Amino acid sequence: MSANGWLQIGIFLALALAVTKPLGIFMARVFNREHTFMDRALWPVERLLYRLTGVDEHHEMRWTEYAFAMLLFSAVSMLVLYLLQRVQGYLPLNPQKFGAVPPDLAFNTAASFTTNTNWQAYVPETTMSYLTQMAGLAYHNFASAAVGIALAIAFIRGIARREKDTIGNFWVDLVRCSLWVLLPACLLGALLLVWQGVPQNLKPYDTTKLVEPQEVSTTGPDGKVVRQTVTDQVIAQGPVASQEIIKEWGTNGGGFFNANSAHPFENPTPLSNFIELFCIFAISAGLTYTLGRMTGSPKHGWAVWAAMAVLFLAGVSTAYWAEARGNPLLASVDQHASTFQAGGNMEGKEVRFGIANSVLFATATTDASCGAVNGMHDSFTPLGGLVPLVNIMLGEVIFGGVGAGMYGILIFVILSVFIAGLMVGRTPEYLGKKIEAYDVKMAMLAILIFPLTILILAGISSLYGFGTSSIVNPGPHGLSEILYAFTSGTGNNGSAFGGLNANTHWYNTAIGLSTLIGRFFIIIPMLAIAGNLARKKYVPPSLGTFPVTTPLFTVLLTGVIIIVGALTFFPALSLGPILEHLLMGAGKAF
């Protein structure tokens, strides 16, 4: 570890803190339909969209209608993306002449991008045409992010409103989020990335001669190893910058290239790396202040932000320590940082980013439901790889994905307030609303469906050949690969641990289903809580009311997240990364 590394981590968190209030105020004004500096340009576009689609912008929805509109929109979007992949060979903007995507892979990708997971069981630059990348994948990066933010705003309205049956209009929230929050930032951000060297074109791939021909070994259809000399290299390119920026700003994670943000065309410089890191946390941090502003309790928003920051610092510190100390099995190798080497465990990391930025990216992308990576988590040390896995297992509420992190942590807030009420022997209250049995039941349903899905599917994959045949590494590391895949899918993160061939019928189907369960089976009970809270009367605080604006609440919320989130998975983690760490100390690697 170095002072420079800690300085970069500190600057990143300070920047996230700095953007929280202004962006939070802006989003509160957008969704409260108050005046903003962009209204003059965007109001005509908004009204035109309502006129073309027949949306009544003044109509308010009950939570059931809001949920139905969201499910209908998601289902149609998913079907369109599936069909686009299946017929891309007949469509334009396909200079590489890619054919149809296989049915199971097309289902997996459609489900993944619809749910803001962006799990990719394929090599994008050799599978998807430019049209599919732009009209299919990049579109869903906007749409799924907008849906997540709209749902978070609906939940906040449910908390803020009193004796009302409605929580807003899904179509209005979707449009305003897309026009005011996502598009302007992405237009500017794409230009910044182009400035840094990220391609943005529709040219066919280039082929160039290698300066030094390379000998490679391939396995033929008969199973025999064939050695051949490679003299040419294909340089993939395309409309990268426009997809890259929404990948981070919308916490999607699906890359234009297989190497994701480790690829020099997606993330060429330390500055582009920092821009992408900032984009991952910006909206999610801002939503904490939006929560405080819309509910009339800014201090509560800051208390939630503080809980997120504590968990973030705990994760990044652990991962940084684990990676900077290196691999103890390489005792004969100098792993100390110096003028001539980065030091620590540099396997799977880009030299241009180093240990600190690789660890920071891995932590941030799994704190949020982003899934973009600038290094390979499979190459991290056992404890270093444990941190991204645990971050997702906590529900990605540490700032979290756009919207998803906010409504995820609000479910933990409901549970924390309920526990506090039990400790003082009073009916729990949250910002003037009594938390009753129905609210707690829905919160527990949302919390329990997550580990249940992960552990069942990971258990099946660990027992049968159709699951174990895909892992590259044996022992506890192989279990970590399987566990990470289903945790990433169900948690709508999308990052891959690596070392697992996920492009099989079983994994495409199972992970595709897990993304749908992890998204919609949590959203429905969350909206039910929002609708129930909106109908309740305001209860003035009393001496027995547990304050949700103090450091004590931050400590309680942090503790509940760790106990409910992390300890649920502790037995599985003990058999995976924890066991691997102990065996590494005993001199065994996998």
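Look above for the structure.
Residues numbered from 1 in each chain as written. Predicted model: local features only at pLDDT ≥ 70, side-chain atom pairs only at ≥ 80, totals over all residues. Heavy atoms only, no water.

S.K.: I'd love a proper account of the overall build of the protein, names of residues and values included.
M.R.: When helices and strands are counted, the protein shows 18 helices and 4 strands. In terms of overall dimensions, the protein is globule-like: its C-alpha atoms have a radius of gyration of 24 Å, near the 25 Å expected for 590 residues. When the backbone C-alpha atoms are referred to their principal axes, the protein occupies close to 75 × 60 × 50 Å. In the protein, which comprises 590 residues, the share counted as buried stands at 57%. In the protein, the share of contacts with a sequence separation of at least 24, taken over all contacts with a separation of at least 6, comes to 79%. (Helix = DSSP H or I, 4+ residues; strand = E, 2+ residues; numbered from the N terminus. Rg over C-alpha atoms; globule rule 2.2 N^0.38 Å. Buried < 20%, exposed > 50% of the residue type's maximum accessible area, 1.4 Å probe, protein only. Contact = heavy atoms within 4.5 Å.)

S.K.: Requested: an account of the side chain of Asn-267, with residues and values cited.
M.R.: Along the polypeptide, Asn-267 turns up in the loop between helix H7 (240-249) and helix H8 (270-294). Polar contacts involving the side chain of Asn-267 include one to the side chain of Asn-273, which spans 2.9 Å. Setting aside its immediate chain neighbours within four residues, Asn-267 contacts Ser-261, Ser-272, Asn-273, Glu-276, Arg-352, Phe-353, Phe-361 and Asn-374. (Polar contact = N/O pair within 3.5 Å; in protein donor to acceptor, adjacent residues only side chain to side chain.)

S.K.: Give a description of the packing of helix H15 (residues 475-490) against helix H18 (residues 570-585) that names residues and reports values.
M.R.: As a packed pair, H15 and H18 sit with axes 8 Å apart at the nearest point and diverge in direction by 140°. Relative to H18, the element H15 is oriented oblique. Along this stretch, H15 crosses H18, giving a crossing that reads as left-handed. Here H15 contributes Pro-476, His-477, Leu-479, Ser-480 and Leu-483 to the contact with H18, which in turn contributes Ala-572, Leu-573, Leu-575, Gly-576, Pro-577, Leu-579, Glu-580 and Leu-583. (Axes fitted to C-alpha atoms, helices over the stretch in contact; angles between N-to-C directions. Parallel < 35°, antiparallel > 145°, perpendicular 65-115°, else oblique. Left-handed = near helix turned anticlockwise from the far one by under 90°.)

S.K.: Can you tell me about the packing of helix H5 (residues 130-160) against H8, naming the residues and giving the values?
M.R.: With their axes 10 Å apart at the nearest point, H5 and H8 run at an angle of 20° to one another. Put simply, H5 runs roughly parallel to H8. The two elements H5 and H8 meet at a crossing, and its hand is right-handed. Here Ile-149, Ile-153, Ile-156, Arg-157, Ile-159 and Ala-160 of H5 lie close against H8, whose contacting residues are Ile-283, Leu-287, Thr-290, Leu-291 and Met-294. Counted by class, the contact of H5 with H8 contains 9 nonpolar, 1 polar and 1 charged residues. (Nonpolar A, V, L, I, M, F, W, Y, C, P; charged D, E, K, R; others polar.)

S.K.: Got a sec to walk through the pattern of salt bridges? Specific residues and values, please.
M.R.: According to the stated counting rule, one finds 17 salt bridges in the structure shown. A salt bridge links Glu-34 to Arg-29, with the shortest nitrogen-to-oxygen separation between them at 3.4 Å. Of the residues examined, Glu-34 reaches a relative accessible area of 30% and is grouped as partly exposed. With its nearest N and O atoms 2.9 Å apart, the salt bridge here joins Arg-227 to Glu-215. Highlighted residues: Arg-227 in strand E2 (residues 225-235) and Glu-215 in strand E1 (residues 206-219), separated in sequence by 12 residues. (Salt bridge = Lys/Arg side-chain N within 4 Å of Asp/Glu carboxyl O.)

S.K.: Quick rundown of the side chain of Asp-104? Include the residues and the values.
M.R.: Looking at where Asp-104 falls in the secondary structure, it is placed in helix H4 (residues 103-114). It is Arg-86 that comes nearest to the buried, bridge-free Asp-104 among opposite-charge side chains, at 7.7 Å. Look past the residues within four positions of Asp-104 in its chain and what remains in contact with it is Thr-504, His-505 and Asn-508. (Lys, Arg positive; Asp, Glu negative; His and termini not counted.)

S.K.: Break down the packing of aromatic side chains for me, with residues and values.
M.R.: The geometry of an aromatic ring pair is captured by two quantities: the separation of the ring centres and the angle between the planes. On inspection of all chains with the given rule, the structure shows 25 aromatic pairs. For the pair Phe-281 and Phe-312, a centre-to-centre distance of 5.5 Å together with 70° between the ring planes defines the contact as edge-to-face. Of this pair, Phe-281 sits in helix H8 while Phe-312 sits in helix H9 (residues 298-324); the two residues are 31 residues apart in sequence, bridging distant segments of the chain. Put simply, the rings of Phe-12, Phe-274, Phe-281, Tyr-289, Trp-302, Trp-305, Phe-312 and Phe-399 pair up and form one aromatic cluster. Across from the ring centre of Trp-180, 4.1 Å away, lies the NZ or CZ of Arg-176, which sits over that ring. (Phe/Tyr/Trp six-rings, centres within 6.5 Å; stacked < 30°, edge-to-face > 60°. Lys NZ or Arg CZ within 6 Å of the ring centre and 35° of its normal.)

S.K.: With reference to specific residues and values, describe the nonpolar core.
M.R.: In a soluble, globular protein the nonpolar side chains are often hidden away together inside. Counting 174 residues, the largest nonpolar core has Phe-155, Val-181, Leu-182, Ile-283, Tyr-430 and Leu-527 as its most contacted members. Broken down by element, the residue count for this core peaks at 16 residues, all from H5. If we skip the residues at most four places from it in the chain, Ile-283 touches Leu-23, Met-27, Ile-149, Val-181, Leu-182, Trp-249 and Val-402. (Core = buried A, V, L, I, M, F, W, Y, C linked by side-chain atoms within 4.5 Å.)

S.K.: Kindly report on unusual backbone geometry, identifying the contributing residues and their values.
M.R.: A positive phi angle is found at Lys-97, which is not glycine, with a value near 60°. Within the secondary structure, Lys-97 sits in the loop between helix H3 (63-86) and H4. Relative accessible area serves as the criterion here: at 69%, Lys-97 is assigned to the exposed category. You will see that Asn-116, though not glycine, has its phi angle at about 70°, which is positive. Note that Asn-116 resides in the loop between H4 and H5. Residue classification places Asn-116 among the buried residues on the basis of a relative accessible area of 2%.

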